[in-house]
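# Fold and geometry: a report
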Amino acid sequence: MGFRFEGLIPAILLPLLLTMVLFLGPLMQLAMDCPWTFMDGIRVALDPWFWSLCVSDMRWLRNQVVAPLTEELVFRACMLPMLVPCAGLSTAIFTCPLFFGVAHFHHVIELLRFRQGTLSGIFLSAVFQFSYTAVFGAYTAFIFIRTGHLVGPVLCHSFCNYMGFPAISAALDHPHRVSVLSCYLLGVLLFLLFLFPFTDPAYYGVPTPVCALTTSPSPLCLS
């Protein structure tokens, strides 16, 4: 489920654009700190040698391609359609990410195994990572249900893996702190404003496949 041609172009563009709006602050911070000009960035993005280096890097492949594709396939395309008929859309959106969060506990096992930090520090890191991945999982589940496409969650997952968690502490110490923090706030407000319009099922074909599994109409499936 999640592989279809109807509404494919909006499914590629709109969820990713929505996620980039949420990351407006970090993107502005990155642009201010980057020594490259805009045209330098365009030239690098169009350079085949740059992409060949990326593809030959196993860590890049794992973070930007393999992990987003496999995790979204398992936790969104496979698990959500099984949960929705039993639990309903709203419950499934918040239940599925719990499994997604637990699946990232292997990072904690690595920290404990190699003794990288104190026990309390590792525990706090685990709680934070579980919370962050669960919230992100709920967001991509929302996108999958509203759009009926897997490509949107995969692209958003890859983008978020690249950006990482917003460096709020660095933003507070930034020389242009007011501008950066204003972009953080503006990004969140615009994200909330565009969340439902950008995921309107009318762009992707109504009803979306997951919504067709529900026994009763849900506001999440309405335009």
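For the structure, see preceding data.
Note that the coordinates shown come from a computational prediction; the quantities given were computed from them, not determined experimentally. (Residues numbered from 1 in each chain as written. Predicted model: local features only at pLDDT ≥ 70, side-chain atom pairs only at ≥ 80, totals over all residues. Heavy atoms only, no water.)

### Regarding helix 5 (residues 58–87)
In an α-helix, one turn spans 3.6 residues; hence positions three or four apart end up facing the same way. Over its 30 residues, helix 5 extends only 38 Å from the first C-alpha to the last, a length that falls short of the 44 Å expected when each residue adds 1.5 Å. The sharpest bend along helix 5 comes to roughly 45°, located at Leu 80, with the proline Pro 81 sitting one to four residues further on. Turning to helix 5, its buried residues number three or more, namely Gln 64, Ala 67, Pro 68, Glu 71, Glu 72, Phe 75, Arg 76, Ala 77, Met 79, Leu 80, Pro 81 and Val 84. Where helix 5 begins, one side-chain oxygen reaches toward the backbone nitrogen of Arg 59, 3.0 Å away; that side chain belongs to Asp 57. Once helix 5 finishes, Gly 88 follows within two positions and takes phi at roughly 90°, a positive value. (Helix = DSSP H or I, 4+ residues; strand = E, 2+ residues; numbered from the N terminus. Expected span 1.5 Å × (residues − 1). Bend = angle between axes of the 7 residues up to and from the residue. Buried < 20%, exposed > 50% of the residue type's maximum accessible area, 1.4 Å probe, protein only. Polar contact = N/O pair within 3.5 Å; in protein donor to acceptor, adjacent residues only side chain to side chain.)

### Brief notes about the side chain of Thr 147
Here Thr 147 shows up in helix 8 (residues 119–147). Thr 147 gets classed as buried once you look at its relative accessible area, which sits at 0%. At 3.2 Å, the side chain of Thr 147 and the backbone nitrogen of His 149 are in polar contact. Setting aside its immediate chain neighbours within four residues, Thr 147 contacts Arg 4, Pro 15, Tyr 204 and Thr 208. (Contact = heavy atoms within 4.5 Å.)

### A few points about the environment of Cys 96
With respect to the element layout, Cys 96 can be found in helix 6 (residues 89–102). As for Cys 96 and Leu 83, which are separated by 13 residues in sequence, their C-alpha atoms are 7.8 Å apart. Among residues more than four places away in sequence, those in contact with Cys 96 are Phe 75, Arg 76, Met 79, Leu 80 and Leu 83.

### Quick look at the side chain of Thr 133
Tracing the backbone through its elements, the reader meets Thr 133 in helix 8. Relative accessible area serves as the criterion here: at 8%, Thr 133 is assigned to the buried category. Here Phe 130 takes part through its backbone oxygen, which lies 3.1 Å from a polar atom of the side chain of Thr 133.

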